[in-house]
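Fold and contact review
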Amino acid sequence: MEHILTPKVEEVQLLDRYTAKKPAIGTLYLTATHLIFVETSCNTRKETWIIHHHIATVEKLPLTGTGYPLNISCKNFHVVHFVIPSERYCQDVYHSLLRLSQPAKLEDLFAFLYNPKQDEDDRRNGWGFIDSAMDFKRMGLPNEFWELTDLNKNYELCSTYHSELGIPKTARKDTVLGSAKFRSRGRLPTLSYYHKESNGAICRCSQPLSGISARCLEDEEMLQAISRANPNSTFMYVVDTRPKLNAMANRAAGKGYENADNYSNIRFQFVGIENIHVMRNSLQKLLEVCAMKSPTMSDYLTGLENSGWLRHIKAVMDAGVFLAKAVADEKASVLVHCSDGWDRTAQVCSLASILLDNFYRTIKGLMVLIEKEWISMGHKFTQRCGHVDGDPKEVSPVFTQFLECVWNLMEQYPCGFEYNEKYLLEIHNHVYSCQFGNFIGNCQREREEMRLKEKTFSVWPFLWENRQQYINPLYKCSLGREVLRPSTLPLNFKFWCGMYNHFDKGMQPKQSILDHLLTIIQKRVEGEKKMTDFQRKLAVMDGVLADECTLKSRPPEQTLMPPVSVAHTSKNMQIKEETIIQLAPTAGSKQI
Amino acid sequence: MEFSEHIKTANVEDVVLRRPFYQPTKGTLCVTGHHLIFSNRGGDSARPFLLLLRNIDAIEKSVENLPSVSSGTITLKCKDLCVLQLDIPGMEECLNIASSIESLSSLETVSEMYPFFYRPPFLSLQDQWGLSSTEQHYAQMKEIHDGWRVSQVNRDYSVSPSYPPAVIVPHSIDDETLVKAARFRQGGRFPVLCYYHRETGTVIMRSSQPLSGANRKRCREDELLLQAVIDGSELGYIIDTRSSQQAQQARMTGGGFESKSCYRGWKRLHRQLEKGKVLQESLIKLVEACGDQSHSVDRWLSKLENSKWLSHVQTALSTAGLVAECVERDGHSVLVHGSEGTDTSLLVSSLAQLILDPDSRTLAGFLGLLEREWVQAGHPFQQRCAHSAYSHVRLRHEAPVFVLLLDCVWQLARQFPLAMGFSEPLLLRLAKEVYASDYGTFLCNSDQERCVTGVKERTHCLFQSLLRANERQHYSNPLYERTELAIWPSIQPPSLQWTCAFSPIQWPFDMC
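Keep in mind that what you see is a predicted model, and the values were worked out from it rather than measured.

Residues and elements named next belong to chain B. Taken N-terminus to C-terminus, the directions of helix α3 (residues 175-183) and helix α4 (residues 220-230) make an angle of 115 degrees; their axes are 7 Å apart at the nearest point. As judged from the angle between their axes, α3 and α4 are roughly perpendicular. Relative to α4, the crossing made by α3 is left-handed. From α3, Thr-177, Leu-178, Lys-180 and Ala-181 reach across to α4, where they touch Glu-221, Asp-222 and Leu-225. Of the residues belonging to the contact of α3 with α4, the class tally is three nonpolar, one polar and three charged.

Encoded structure:
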């Protein structure tokens, strides 16, 4: 609170970013967690809330005729331009926001303040809601080829990995230990996804410390063990997700990539995804395109091209598709790494899992996937998201790119996912909001040291509670375990307006099919509930049922999708229709 | 001339057909007067594959003639952008087939085209051709009967060869005045009504350019006609779909624009819309970009930008938005024209109607709009759609104005997915039909030509057919909810989406 110099500023203007409309006038409030703008110029009270941690940059511009401009850009791509009447207030707000948006210590993040009025039990249960270890069980582990090991239980083998690791059954302990020593930061090859149907496995690790000529027998044995764990293939792929040039440069620093001569039966492959710095700059350029005021179509397309953003998205997608094809079609196992194995590797492995396994295309499945491949495998959320004041060169939109790849898949498979675009956007919001503890910390060990499970809440139960909003009404689970084979033609990669222009409502489609269908479903659920009530009343009146109050009330059903075929008598149908008519006062016009 | 003269080899066995997303299949290829028929008797699909020869835009052949093998390959690039390949055993057969396709696909005589032979069991030639006539359309709009009338001045097509026999004009203007005004407009296309806006009582009209020429000629009758529209006191807008420079230049060749001094109360705005060759080349570049095999996003975006197609979409929508704004928000009548009044004027006026008029957004309403504003209004379909994006033939009058309309409508429907009664498949179907069709709807360049060649008596009408029960269901939007409000599209570049409809590889990836 000591950072808030002026908690309230009046007569502040909120400028419209694209049109020359009259600015909204209102009051700006700073709270410990949010910046709030309350519009006073219009009759209806309109509020804009911005969580401090979402603020990426605050910028003071030179004085204009109407006051002191303050531009705020957020990590969820919300951009607001305020004009503050006095210089002192502008200065105050500016300094406060700088301190509040990026605190010096992790302990000052919102999650440590946030209390949704739940008791300790709820908190504990909430943290147990998603268990990534359970996912290995779902894949059929342990089985005759793979097992879980607790060799890393004290994070001695690898400080940035989870404590439970999937490894091949035939790998001896000294093989595992030796391999870990030969891998950058001890990030040894470990199981990411096991594909029951083909016995193919996706494993992940960091680059080997091979340098110019070093080799490690244990590491070679480890890869051998992974390869042997798949009786369906005589070889395995080793995929280095970096551009070849970057990988070669690493050799000079004692790192590098596998020499195929030293490993038996591997097929080595580069896939050329750029590093975090290239991605950060690319996003910066993309946002500059988004910020252009009424660009021509040519300016826009040229800007989009020059940003390279869609090229990078395609590179990640191509790599994911390569993995999925190797596992599903060639029945081969794949070992994936980049440099440290926590950025590109996480993107590619999780994308391949989605392509291969329908489970990850469900609401809960995506939670498990993020928990497993990102949180527990040490994607450095604190640094990549810039939660606290730190090295800006560590910030990079790696996770955002993963979500964008998923969105692109959803565009190609409108019935293939249980969740909708809002779910991705909400997850993205929470990755940056620091309202929950899940995305704080760079690895599991750090989180345990911070005792996040005792001090903060988990986002997953919260999202699960609200899952009605995140349902894709068009989802057909009959797609089953079918492998997705998306087109990766360039023209199928679109600009994600819903993410980057999310707050520019004028640019979004004016009517949303998703909202429309969700409303219909909501109405149907309500209508059917009402119908059951009527039926019961009718039965009571006919004397078929005992009086309501003597009946034990039915437990509230939480059906996501109400059953489609309910047998109705014609009488019931009538009641149902009436209810629906009653419940449907809104016309489409309201949405325009 | 008999079709058989063109067919040297009618049947070839053991031909392999390759097309995107299908396994190559071996079967018998047969050439008829209007079709390529491919059947694989042993195959799983009982239905033979049928390709209208008219649909073929370009043909490429390569042959191999060695003592051991003699064979050839024909690549067919279709006007609906599909690309097929036929592997034909025997060099001579291959060359014969290729030459048959070449000559039969480029036949120009309208009465020899397939619609004159197409006789499906579910349609009868006795059915009404077309959905509605000008008179019927007028009769439905009771609210305009005071101020407007149907004029038969063009009943024998002598006033304007490209206009329909009946048009709607201000009540106070008699036929004699119309005849004189027509002489002052290119192709006799004097200003006529295309849309009446009930709420404001204002109208959208369209015409061709006035023939004021270098000497700034005037035409009293033409001025009277426009005067009658705005009734003296008010203001009207003339949206000229050329730049003001182009409009100035047009005077040198006898064309021109309405000068301020002669047309009091009318304010002229220029919005340059491309047409003709520029538009055709844009489509060619776009399709080339979509078919690019390099798999490079940068290359794709750069080619897409270079094609300028989306810029044309943006300009068309923004000009239509301007027209709609004048009518709905400002309450002023609008006259739209470019030069001939048969291309961009129709594009703008029909898009403006879609924005404003809920009746034109139903399936039947939309087809009715296309019939009035494109077929009856004399868009020269035969000239504009003679070739599509693959043809190597030297371009003459080709221009994908109608395809541009369909893309704009697609953009509107994407932004207002509940407001349109029809669905994307309809737009794709129309894009195909306009180039090659079983139906006579898009034959010829004008109503007059259609009458002379007997199109209305001897072919079936596509629009009628699309409104049959099962077709109607297929092309309806299941989420449609009528809204009475205008639908204002966003024309910001991120709001406009490129579509894979222009890709040679179109496939619903979601096959569930």
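This next bit is on the side chain of B:His137. Residue and element names in this part refer to chain B. Position of His-137 relative to the elements: it lies in helix α2 (residues 134-140). Look at His-137 and you get buried, because its relative accessible area is 15%. At a separation of 3.4 Å, a polar atom in the side chain of His-137 contacts the side chain of Arg-372.

Glancing now at the nonpolar core. One finds A:Phe402, B:Leu351 and B:Leu430 to be the most contacted residues of the largest nonpolar core, which totals 225 residues. Looking at this core, the element that brings in the most residues is helix α9 (residues 309-328) of chain A, giving 13 residues. Split by domain, the residues of this core number at least three in each of domain 1 (4-106) and domain 2 (134-500) of chain B. Residue contacts for B:Leu351: discarding those within four places in its chain leaves B:Ala316, B:Leu317, B:Ala320, B:Leu405, B:Cys408, B:Val409 and B:Leu412. Counting residues in each nonpolar core, the second largest holds 26 residues, with B:Ile7, B:Leu17, B:Val31 and B:Leu53 among its members.

The amide bond that connects A:Leu141 to the next residue, A:Pro142, takes the cis arrangement and shows omega of -10 degrees. Secondary-structure assignment places A:Pro142 in the loop between α3 (132-138) and β8 (146-149). Although it is not a glycine, A:Tyr155 adopts a positive phi angle of roughly 60 degrees. Here A:Tyr155 shows up in the loop between β8 and β9 (165-168). Residue classification places A:Tyr155 among the buried residues on the basis of a relative accessible area of 9%. A positive phi angle, near 55 degrees, is found at B:Arg216, a position not held by glycine.

We now examine the interface of chain B and chain A. Quite often, the size of an interface is put as the accessible area lost when its parts meet. Of the residues lining the interface, 41 residues belong to chain B; the matching set on chain A comes to 44 residues. When chain B packs against chain A, the two sides together hide about 3900 Å² of surface, and 68% of this comes from carbon and sulfur. At the boundary of chain B and chain A, one finds one salt bridge. Across the pair A:Arg311 and B:Asp298 runs a salt bridge, and its minimum N-O distance is 2.9 Å. Taken together, the links from chain B to chain A amount to eleven residue pairs in polar contact (both at pLDDT 80 or more). Only α7 (297-307), α8 (309-328) and α12 (401-415) of chain B provide two or more residues apiece to the side of chain B that touches chain A. The element contributing the most residues to the side of chain B that touches chain A is α7(B), with seven residues.

Our focus in this paragraph is the side chain of A:Thr241. Inspection of the secondary structure assignment puts A:Thr241 in the loop between β12 (236-240) and α6 (244-252). Not counting residues within four places of it along the chain, the set of residues in contact with A:Thr241 comprises A:Val271, A:Gly272, A:Ile273, A:Val336, A:His337, A:Cys338, A:Arg344, A:Thr345 and A:Val348.

Turning next to the domain arrangement of chain B. Residue and element names in this part refer to chain B. Its domain assignment divides chain B into domain 1 (4-106) and domain 2 (134-500). The distance between the C-alpha centroids of domain 1 and domain 2 comes to 38 Å. Contact with domain 1, which involves 13 residues of that partner, is made by 13 residues of domain 2. Across the domain 1-domain 2 interface, the total number found is one salt bridge. Counting across the domain 1 and domain 2 interface gives nine residue pairs in polar contact (both at pLDDT 80 or more). Put simply, the parts of the chain that give the side of domain 1 that touches domain 2 at least two residues each are β5 (56-65) and β6 (70-78). It is β5 that contributes the most residues to the side of domain 1 that touches domain 2, three residues altogether. A per-class count over the side of domain 1 that touches domain 2 returns six nonpolar, one polar and six charged.

Take the sheet that holds strand β11 (residues 202-206) of chain B next. All names here are of chain B. If you walk across this open sheet you meet the five strands as β10-β11-β14-β12-β13, and the pairing is mixed. Of all strands in the sheet, those bounded by a partner on one side alone are β10 (192-197) and β13 (266-270). For this sheet, the mean inter-axis angle between neighbouring strands, taken without regard to orientation, is 20 degrees. In the sheet, strand β12 (residues 236-240) pairs with β13 via five bridges, with the strands oriented parallel. Each bridged residue has a counterpart across the sheet, and for Gly-236 the counterpart in β13 is Trp-266.

Turning next to the pattern of salt bridges. Residue and element names in this part refer to chain B. The full count for this structure, using the stated rule, is 53 salt bridges over all chains. Lys-432 is paired through a salt bridge with Asp-80; the nearest N and O atoms lie 2.6 Å apart. A residue pair is termed long-range when its members are at least 10 positions apart, and Lys-432 in helix α13 (residues 424-433) and Asp-80 in the loop between β6 and β7 (83-89) qualify at 352 residues. With its nearest N and O atoms 2.8 Å apart, the salt bridge here joins Arg-206 to Glu-373. Remark: Glu-373 occurs in helix α10 (residues 363-376) and Arg-206 occurs in strand β11; sequence separation between them is 167 residues. Like Glu-373, Arg-206 is buried.

Each α-helix winds once per 3.6 residues, and so residues spaced three or four apart point in a common direction. With 13 residues, helix α11 (residues 363-375) of chain A ought to run about 18 Å at 1.5 Å a step, and its terminal C-alpha atoms sit 17 Å apart, in line with that. Among all positions in α11(A), only A:Ile363, A:Gly365, A:Leu366, A:Met367, A:Val368, A:Leu369, A:Ile370, A:Glu371, A:Lys372, A:Glu373, A:Trp374 and A:Ile375 are buried.

On to the sheet that holds strand β10 (residues 190-195) of chain A. Residues and elements named next belong to chain A. With mixed pairing, five strands are arranged side by side in an open sheet as β10-β11-β14-β12-β13. A strand with exactly one partner marks an edge of an open sheet, and here the two such strands are β10 and β13 (266-270). Here the average twist between neighbouring strands, direction ignored, is 20 degrees. Note that β12 and strand β14 (residues 333-337) share five bridges and pair parallel. Within β14, the residue paired with Tyr-237 across the bridge is Val-334.

Moving on, we get to the pairing of β13(A). Residue and element names in this part refer to chain A. With five bridges connecting them, β12 and β13 associate as parallel partners. If you follow Met-236 over to β13, its bridge partner there is Ile-266. Handedness of the crossover joining β12 and β13 through α6 is recorded here as right-handed.

Using the criterion set out here, one finds 38 aromatic pairs over all chains in the structure. For the ring pair A:Tyr114 and A:Phe457, a centre distance of 6.3 Å and an interplane angle of 80 degrees mean the geometry is edge-to-face. Residue A:Tyr114 is found in the loop between α1 (87-101) and α2 (120-128), and its partner A:Phe457 is found in the loop between α16 (452-455) and α17 (459-465); the two are separated by 343 residues along the sequence. A single burial state applies to A:Tyr114 and to A:Phe457, both of which are buried. On the numbers, 5.0 Å between centres and 90 degrees between planes, the contact of A:Trp374 with A:Phe399 is edge-to-face. Within this pair, whereas A:Trp374 is found in helix α11, its partner A:Phe399 is found in helix α13 (residues 398-412), the two being separated by 25 residues in sequence. This pair shows no difference in class: A:Trp374 is buried, exactly as A:Phe399 is. Taken together, the aromatic side chains of A:Trp374, A:Phe381, A:Phe399, A:Phe402, A:Phe439 and A:Trp460 make up a single cluster linked through ring pairs. Taking NZ or CZ as reference, A:Lys372 lies 5.7 Å from the ring centre of A:Phe136, over its face. Just above the ring of B:Trp488 sits the side chain of B:Arg329; from NZ or CZ to the centre is 4.1 Å.

Thresholds, definitions, all that
- Residues numbered from 1 in each chain as written.
- Chains lettered and ligands numbered in written order.
- Predicted model: local features only at pLDDT ≥ 70, side-chain atom pairs only at ≥ 80, totals over all residues.
- Heavy atoms only, no water.
- Axes fitted to C-alpha atoms, helices over the stretch in contact; angles between N-to-C directions.
- Helix = DSSP H or I, 4+ residues; strand = E, 2+ residues; numbered from the N terminus.
- Parallel < 35°, antiparallel > 145°, perpendicular 65-115°, else oblique.
- Left-handed = near helix turned anticlockwise from the far one by under 90°.
- Contact = heavy atoms within 4.5 Å.
- Nonpolar A, V, L, I, M, F, W, Y, C, P; charged D, E, K, R; others polar.
- Buried < 20%, exposed > 50% of the residue type's maximum accessible area, 1.4 Å probe, protein only.
- Polar contact = N/O pair within 3.5 Å; in protein donor to acceptor, adjacent residues only side chain to side chain.
- Core = buried A, V, L, I, M, F, W, Y, C linked by side-chain atoms within 4.5 Å.
- Domains from an automatic or database assignment.
- Buried area = accessible area lost by both parts, 1.4 Å probe.
- Salt bridge = Lys/Arg side-chain N within 4 Å of Asp/Glu carboxyl O.
- Pairing = 2+ DSSP bridges.
- Expected span 1.5 Å × (residues − 1).
- Right-handed = clockwise from strand over helix to strand, strands pointing away.
- Phe/Tyr/Trp six-rings, centres within 6.5 Å; stacked < 30°, edge-to-face > 60°.
- Lys NZ or Arg CZ within 6 Å of the ring centre and 35° of its normal.

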